[in-house]
Amino acid sequence: MTTDKYLDDIKEIKSLMNKSTRFISLSGMSGVMAGIYALIGSVFGFFIINKARMCYTCEYPYQWNRFFTYPWDHNYPLQILLIAAAVLFMAVLTAFFLTKAKASKHKQKVWTKQSIRLVVNFMVPLNIGALFTLALLQYNLIGLVAPAMLVFYGLACMNAAQFTLGTVKYLGLSCAILGLINTQYIGYGLYFWTAGFGLCHIIYGAVMYYKYDKK
């Protein structure tokens, strides 16, 4: 009985230390939903890219670095960017509400020193990656856009993992590795993008949900 009590005390101390240094209210289901949104976005992206490839001989050639000079029907770069923005917006919105609900359930605050550190450490590499991606688009280096997005997103997750549940770093590592592999298979960016932002998020979210949320 004494040994069991000591073990319980150690678990309680460990739990308190995690709460004081890490934001542990991230919702696993938000990861699943983010993956689903990415899969839906990939389907739309697939049709747009196929349409764009068929447009080499049409009146408006397939040039990705001209965002605002083409009519909407032929402005494939802008269509893809808006789909990516919509996926990001829905994922962030869902993550916020589900995380807020989980925090309320456990009588915890959403905005704490830990959650602010988490957001800052996530957003810095992510914003650098966004600017780098825009530079790639500026010079029409389309084949490197998907790899860059995956690599920088992976780095952002790994950088933020120190302030939340450790599972996040494995998501980041998976996305970064997929991005690096994608650099050797230019032209298949949508498939790697789907695997990273879609399937990896669903697997990560499911693991988080069954490991933490169901307890």
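From a predicted model like this one, the values you see are computed outputs, not experimental measurements.

**Topic: the packing of aromatic side chains**
A complete count under the given rule lists nine aromatic pairs for this structure. Ring geometry for F132 and F152: centres 5.7 Å apart, planes at 45°, overall tilted. Residue F132 is found in helix 4 (residues 113-138), and its partner F152 is found in helix 5 (residues 145-160); the two are separated by 20 residues along the sequence. Arranged with centres 5.3 Å apart and planes meeting at 85°, the rings of Y209 and Y210 form a pair that is edge-to-face. Overall, Y209 belongs to the partly exposed group, its relative accessible area being 27%. Judged by relative accessible area, Y210 falls into the exposed class, the value being 57%. Every member of this aromatic cluster is reached through a ring pair, and the members are F122, Y153, W193 and F197.

**Concerning helix 3 (residues 76-105)**
Relative to the 44 Å expected for 30 residues at 1.5 Å per residue, helix 3 spans 43 Å between its end C-alpha atoms, a close match to the ideal helical length. Buried within helix 3 are the following residues: Y76, P77, L78, Q79, I83, V87, A91, T94, T99, K102 and A103.

**Some points on the environment of L150**
Secondary-structure assignment places L150 in helix 5. With a relative accessible area of 0%, L150 lands in the buried category. Measuring from C-alpha to C-alpha, the distance between L150 and A176 comes to 5.6 Å, with 26 residues separating the pair along the chain. If sequence neighbours within four positions are ignored, L150 has contacts with C175, A176, L178, G179, F192, W193, G196 and F197.

So, how was this worked out
- Residues numbered from 1 in each chain as written.
- Predicted model: local features only at pLDDT ≥ 70, side-chain atom pairs only at ≥ 80, totals over all residues.
- Heavy atoms only, no water.
- Phe/Tyr/Trp six-rings, centres within 6.5 Å; stacked < 30°, edge-to-face > 60°.
- Helix = DSSP H or I, 4+ residues; strand = E, 2+ residues; numbered from the N terminus.
- Buried < 20%, exposed > 50% of the residue type's maximum accessible area, 1.4 Å probe, protein only.
- Expected span 1.5 Å × (residues − 1).
- Contact = heavy atoms within 4.5 Å.

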